[in-house]
Amino acid sequence: MKCVLALLLGLLLLHNGRCFEFVIDGEWEEETTHSEDHRERHKRAILTSEEQEDFEAIRGDDITVKRYQVESRITSRFAHTTVRSSVVNSGAKAQSIGFNVQIPKRAFITNFTMNVNGITFMGSVKEKTVARNLYAQARARGKAAGIVRANSQDMETFKTEVHVPPGSNIEFELHYQEMMQRRLGFYEHTLHLQPGRLVPQFQVDVYIYEPKGISSVHTPNTLGDQFGELVHVTSTKEKAHIVFKPTVQQQRKYANCTDSAVDGVFTVKYDVNRDSNAGELQVSDGHFIQFFAPSNLSPLPKNIVFVIDVSGSMWGVKMKQTVEAMQAILEDLTIDDQFSIIDFNHNVRCWREDLVPGSSLQVTDAKKYIQGIKPNGGTNINEALMRAVQMLVKASNQGLIDPRSVSMIILVSDGDPTVGEMKLSTIQKNVKRVMREEFSLFSLGIGFDVDYDFLERIASENRGIAQRIYANHDAADQLRTFYSQVSSPLLRRITVQFPEDSVSDVTQNRFDKYFDGSELVVAGKVLPSDSDTLTSFTTASAARLDITLETESDTTELDQELAKQQHSFTGFARQMWAYLTVKQLISERSLAPTAAKKRKITQQIMALAVEHQFVTPLTALLVESEDATERLLADSPKDPKHGCCSGAGGLGGGGLASNGLAPVRVVYQPPPWVQMTTPAPPSQFEKGSEEWVLPQKVNLVDNDPHFIVHLPSSNMDVCFNIDSKPGHILNLVSDTGAGLVVNGRLVGSKQPNKGKLSTYFGSIAIYYQPDRISVTVHTDRIAMSDGTNSHSFTWGTTAEVTQDGVRISIVKNSHVTVTVNNNIQVMVLLHRVWRKHPVNVDFLGIYIPNDNRYSPLVHGLIGQFSREPEVSVYDVRPGADPMKKEATMEVKGNKLQVTRGWQKDYRRDAKRGSAVSCWFVHNSAKGFIDGHYSEYIVPSLHSFLLAL
């Protein structure tokens, strides 16, 4: 289901608690077809690690969590997990109570139920259109639903908020299913435990049943030393029970502390017994599962071309950690391996023009080469991949590649193409055209500014996989871990077959490679037969031999055994077959060559998902009261930015597991105004300005200057003024990780008005340190410098200027848009006044999209809000001004008195502006911004902000 679920439910109590009304929070995200290269590929997500730390399974003040229980039943590598919580609103007033569950991205939610004061809401999965129609019927009567936001990470967050009166009892229950993926010799089951408070009945149970036996099971101490002795593992030959049941006292951070120390990932690792390299065939409930994970085979030699993005956007921590990872990866090469390195920005360079042996001498030289790379310039992915394929083809044509070896290209990139061929579909076709059947392409996308959907497609089409590398975590370790999974290929050209007329509806049964420590899985339906035995035949090519393996299984034995097991998942085979089938169909759908083929696959996915109750991008979870009069909807739309089916096929069918990192939420507002196409000729500039499309919500500073900060998750605008002086330079964005700074110099009005001198921005500077490019926008000109050359443009010209990764678009007498590496965009709006006006002066407004892709080090008056703080506004009451209500805002541990007011967005109407309703924070945003506003005053227009 490769999409984050965020079910936001508002329950308003009516008629003394006897009736509920559900209200919409947000708008529908429609699943539509878009141009892959221009309209969607540059919609990005912003990673905010602070939000990860603030995650709580149960949210709310003055609530009593009576019970929080998690139970997983794993049978033959397939897990059914149930999360239950019982909560009481023990406060004196009505409030919202949240129930949040972080689940693996590869899992499918299968159900959610909720009981509020005796009213039960039951879930069922339906086709999206059917669910929405039923929902619309309820909505037409004022009833309601929830909204699902989509992104692409390794985790999903299912979020529920319910507003209830004092004394209310709420019970939540969420179910999800997933197939365990074997990685580096283990299956890893992770449960995210972050209750945020002490819980009297807190228990985690993981039951494992493996018919062939469990070879090892252990629980890494991922929750902290104090819980090391509280996890109890009981295991027999075929079963294991892991229980974690801390008392309230044991949950405390400190002896007399009310805070819970349970905050992290609960992990269970295990592996199973394998009789032989032939694999394991299981039959249950009319379905079969073939597991194939051979070992003790000599690794195949490798031919690897490392293709590394060294464009300017890789500057800093990304390049540092890539270099660090490459040092270890190169060290792992053997004399039997051949390799070379291609690094690319706007140009493409080869460390060696041909493949060379992985000798210590060559490895040492390659490590020196890697260390000397200095990121700069654009991104020419197409030419780099073409050169890599040519290198492998040349070696193959010259007979330098062992026909039994494994040839692969490993692409490491953090951005979209900006030089050469920029159309993603053309690059995809080019790679597909030149790649040979014996070559594989693995794509590693660093950070969230990469088009992950594109990387997935080119990898999937060329016998590889894509994986995201999180730039704000230990990227070097992630890169090394990925490489370790593909560094030991044991088999090639694996095929799993069955006798004719014995099975049907078989999932993928041909695999290009098998890597040591992983597992290949094939599933299907068993046809009626007089025989009670099913046989499979597996063929593959090893280092020096071709192999054919045969496996047999009794078709009735496992069902009889499952019936005896109290905690087994009896329907595992049927669900695992459906799980694998849906995952593969979703992947096929993304690669469908025609619309007709895509429609056919869509119908197959929907039918299977409804039958097996999987929430997918094409289905929705309809939650209804018992009388079907109250309805909620958990909807999972397709994520066009990064694809909703990442990793569906997995590595060689067995799949690369997620990297196990602690999950974080993602906040994004895609900017439809970003122009990523080739610059239009001058004659089209005027037309382009007339058709300028604006993002609905941005962060902006305009007029006095008035700051308006949009908080996407809260769907709230917060405004404030900074009472500084003319000549002061305020830092708006300071990102030492990306090497970017945005500062503004204040100018004052010609004379005080009512005893107060108004200040405005008279100059705005955008400075990109890696390329030493600065763009300074004044009220009379736009200046650009690269440290050596300087250029100046007047406001009377419409122009587009590009240097390295920085593009400047000027619309005559209107605005300037500065785009840095297609990652960060800043728009500066010109305000001109009557030259002889006795008070006012010309000034600038600045507009910054929410989805700018900064590094985790970003700060500044605007930049700090890329890590959206948790904000709550309550106790709304009449203010001193009858037209302006007052309220209490809680943010960053502060309680602030705020006033409802209006500020102006001048993008559509530079003279009158459009009114924006916001909560105004007084005293120069004290308590809302980090520190004091004076700490954001910097000495020059190119100064980075000192650490607060």
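Just so you know, the residues in each chain are numbered from 1, in the order the chain's sequence is written. The predicted origin of the model limits local features to residues at a pLDDT of at least 70 and limits the giving and counting of side-chain atom pairs to 80 or more, whereas totals for whole chains, interfaces and linings rest on all residues. As a rule here, side-chain values cover all heavy atoms of the structure and leave hydrogens and water aside.

A. Inspection of the overall build of the chain at higher detail. Put simply, DSSP marks the helices as runs of H or I at least four residues long and the strands as runs of E at least two long, and each gets a number from the N terminus on. Scanning the chain for helices and strands turns up 14 helices and 55 strands. For each residue, the accessible area found with a 1.4 Å probe, counting protein chains only, is set against the maximum for its type, and the residue is called buried under 20%, exposed over 50%, and partly exposed in between. Relative to its full complement of 948 residues, the chain shows a buried share of 60%. It only takes one pair of heavy atoms within 4.5 Å for two residues to be counted as in contact. By sequence separation, contacts in the chain at least 24 residues apart represent 70% of the contacts at least 6 residues apart. Shrake-Rupley sampling with a 1.4 Å probe provides the accessible areas, and residues are treated as covered by the protein chains on show and by no other component. About 37,300 Å² of surface is accessible on the chain, with carbon and sulfur atoms providing 47% of the total.

B. The packing of helix H6 (residues 381–397) against helix H7 (residues 424–434), seen in detail. Interhelical geometry of H6 versus H7 gives an angle of 0° and a closest axis separation of 10 Å. Between H6 and H7, the angle falls in the class roughly parallel. Along the contact surface, H6 presents Asn382, Leu385, Met386, Val389 and Val393, while H7 presents Ile427, Asn430, Val431 and Val434. Three residue categories are used. Nonpolar comprises Ala, Val, Leu, Ile, Met, Phe, Trp, Tyr, Cys and Pro, charged comprises Asp, Glu, Lys and Arg, and polar comprises the others, including Gly. Of the residues contributing to the contact of H6 with H7, the split by class is 7 nonpolar, 2 polar and no charged. Between N-to-C directions, angles span 0 to 180 degrees; the directions come from axes that are lines fitted to C-alpha atoms, helices contributing only their stretch in contact. Note that the term roughly parallel is reserved for angles under 35 degrees, roughly antiparallel for angles over 145, roughly perpendicular for angles of 65 to 115, and oblique for everything else.

C. Broad picture of the sheet that holds strand E30 (residues 510–515). The pairing criterion for strands is at least two bridges between them, as found by DSSP. In space, the 4 strands of this open sheet follow the order E30-E28-E32-E33, with antiparallel pairing throughout. Looking at strand neighbours, the two that pair on one side only are E30 and strand E33 (546–554), the edges of this open sheet. For this sheet the average axis-to-axis angle between neighbouring strands, irrespective of direction, equals 30°. Bridge count for strand E28 (residues 489–497) against E30 is 5 bridges, and the pairing is antiparallel. Residue pairing for E30: Thr495 is matched across the bridge by Arg510.

D. Region of interest: helix H12 (residues 595–612). The end-to-end C-alpha distance of H12 is 26 Å, a good match for the 26 Å that 18 residues give at a rise of 1.5 Å each. Ile601, Thr602, Ile605, Met606, Leu608, Ala609 and His612 are the residues of H12 that are buried. Its buried side turned inward, H12 meets strand E9 (119–127), helix H11 (572–590) and strand E34 (619–625). A helix's residues, less one, multiplied by 1.5 Å, set its expected span.

E. Inspection of the sheet that holds strand E12 (residues 182–183) at higher detail. Strand order in the open sheet formed by 4 strands is E12-E13-E18-E15, and the pairing between neighbours is antiparallel. The sheet is open, and its two borders are formed by E12 and strand E15 (214–218), each paired with just one other strand. Relative to strand E13 (residues 186–193), E12 runs antiparallel, the two being bridged by 2 bridges. Paired with Arg182 across the strands is Tyr187, a residue of E13.

F. Region of interest: the pairing of strand E21 (residues 302–309). With 8 of 8 residues buried, E21 lies mostly within the body of the structure. Burial along E21 is two-sided: the residues Lys302, Ile304, Phe306 and Ile308 and Asn303, Val305, Val307 and Asp309 are all buried. Pairing of E21 with strand E22 (residues 338–344), which is carried by 7 bridges, proceeds in the parallel orientation. Residue pairing across strands places Asn303 opposite Gln338, the latter belonging to E22. Think of it like this: strands point away, you trace from the first strand over the helix to the second, and a clockwise trace means the crossover is right-handed. In this region the chain leaves E21, passes through helix H4 (residues 317–331) and returns to the parallel neighbour E22; the handedness of that crossover is right-handed.

G. Focus on the side chain of Asn111. Secondary-structure assignment places Asn111 in strand E8 (residues 108–116). Judged by relative accessible area, which is 18%, Asn111 ranks as buried. Of the polar contacts made by the side chain of Asn111, one reaches the backbone nitrogen of Gly123; its length is 3.3 Å. When residues no more than four places from it in sequence are discounted, the contact partners of Asn111 are Gly123, Ser124, Glu173, Leu174, His175 and Leu621. Pairs of N or O atoms within 3.5 Å make up the polar contacts considered here, provided that, within protein, one atom can donate a hydrogen while the other can accept it, and that residues adjacent in sequence are counted only when both atoms are side-chain atoms.

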